[in-house]
Amino acid sequence: MFQSDLLSRDAEWFKRPGRLFISNVSIDAPPLTPNKPVTAEDLVSAEGACPGMPAPAGPADANASTVAPGAPTPGTTGTVALGHTECDVVRGIGAPDNVNISANPGGERVAVVTWSRGPRAGIYSFNAGRLASIEGVPAPPDAPNKSKPKAAKKKQQTAG
């Protein structure tokens, strides 16, 4: 009798509406539409820019860097997922460090976009304007520790 009482309580609990299932779930990422054709507005330029993005502020001296090594890339608040367009990813992560654009043997556009720093550092490969793969970038080697070598202790000579 005790066991059937527990089962009836469980059954009653599961029958109550709103206990297990949430009907108003929202998703942050826009739905992927792989059937929607990729337009010129969805493709990153060789300089790493997309339509509607502010131009990256470059240093006055082209050889100087305004970002400290290892500093995070600003603007990494968007979502990134396989199937997203080139500019969806660039807008989500921020301005890339390197962009290589070519064509595959079938004539489709191939873009390899690299971020070498920040929380989403990696090599992002796109085929026909859509994200196909992500590879991690190797971590930069640790700087050698420049501590002073310990001085050798001099043995005291005893006079005998």
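No experiment lies behind these values; they were computed from the predicted model shown.

K.L.:
Quick one: what's the story with the overall build of the chain, residue by residue and with numbers?
P.N.:
Assigned secondary structure in the chain consists of two helices and four strands. Sequence-ordered secondary structure for the chain, helices as α and strands as β, is α-α-β-β-β-β. Across the 160 residues in the chain, those meeting the buried criterion constitute 18%. Restricting to contacts in the chain with at least 6 residues of sequence separation, those with at least 24 account for 47%. Put simply, the chain shows about 12,500 Å² of open surface, and 57% of that area lies on carbon and sulfur atoms.

K.L.:
How would you explain the state of the cysteines if you had to name every residue and give the values?
P.N.:
In this structure the tally under the stated criterion is one disulfide. Paired through a disulfide, Cys50 and Cys87 show a sulfur-sulfur distance of 2.1 Å. Linking Cys50 and Cys87, the disulfide has an S-S dihedral of approximately -95° and is accordingly described as left-handed. Here Cys87 lies in helix H2 (residues 86-93) and Cys50 lies in the loop between helix H1 (2-15) and H2, a separation of 37 residues in the sequence. Note on Cys50: relative accessible area 5%, which makes it buried.

K.L.:
Mind laying out the packing of aromatic side chains, listing which residues take part and the relevant values?
P.N.:
For the structure shown, the criterion picks out one aromatic pair. Centroid distance Trp115 to Tyr124: 4.9 Å. Interplanar angle 80°. Geometry classified as edge-to-face. Per residue, the accessibility class of Trp115 equals that of Tyr124, and both read buried.

K.L.:
Can you break down the pairing of strand E1 (residues 98-103) residue by residue, with the values?
P.N.:
Sheet analysis places E1 next to strand E2 (residues 109-115), joined by six bridges and oriented antiparallel. Bridged to Val99 within E2 is Val113. Where E1 folds back onto E2 in an antiparallel hairpin, the turn is made up of five residues, including Gly107, whose phi is positive at roughly 90°.

K.L.:
Give me the sheet that holds strand E4 (residues 130-135): which residues, what numbers.
P.N.:
Judged by pairing direction, the sheet is antiparallel, and its four strands sit side by side in the order E1-E2-E3-E4 without closing on themselves. Of all the strands in the sheet, just E1 and E4 have a single pairing partner and so form its edges. Pairwise comparison of adjacent strand axes, ignoring direction, gives a mean angle of 20° for this sheet. Sheet topology places E2 next to strand E3 (residues 122-127); six bridges connect them, and they run antiparallel.

K.L.:
Before we move on, can you summarise the confidence of the model for the chain with the specific residues and values?
P.N.:
The pLDDT averaged across the chain works out to 74; a share of 53% of its residues lies at or above 70. In the model, residues 59-75 has pLDDT below 50 throughout and makes 16 contacts with residues more than four positions away in sequence or in other chains.

K.L.:
Describe H2, listing the residues and the values that go with them.
P.N.:
Of all eight residues in H2, six are buried, a share of seventy percent or more. Buried within H2 are the following residues: Glu86, Cys87, Val89, Val90, Gly92 and Ile93. Packing partners of the buried residues in H2 comprise E2, E3 and E4.

What counts, and at which threshold
Residues numbered from 1 in each chain as written. Predicted model: local features only at pLDDT ≥ 70, side-chain atom pairs only at ≥ 80, totals over all residues. Heavy atoms only, no water. Helix = DSSP H or I, 4+ residues; strand = E, 2+ residues; numbered from the N terminus. Buried < 20%, exposed > 50% of the residue type's maximum accessible area, 1.4 Å probe, protein only. Contact = heavy atoms within 4.5 Å. Areas by Shrake-Rupley, 256 points an atom, 1.4 Å probe, with all protein chains shown as cover. Disulfide = S-S within 2.5 Å. Phe/Tyr/Trp six-rings, centres within 6.5 Å; stacked < 30°, edge-to-face > 60°. Pairing = 2+ DSSP bridges. Axes fitted to C-alpha atoms, helices over the stretch in contact; angles between N-to-C directions. pLDDT = per-residue confidence, 0-100.

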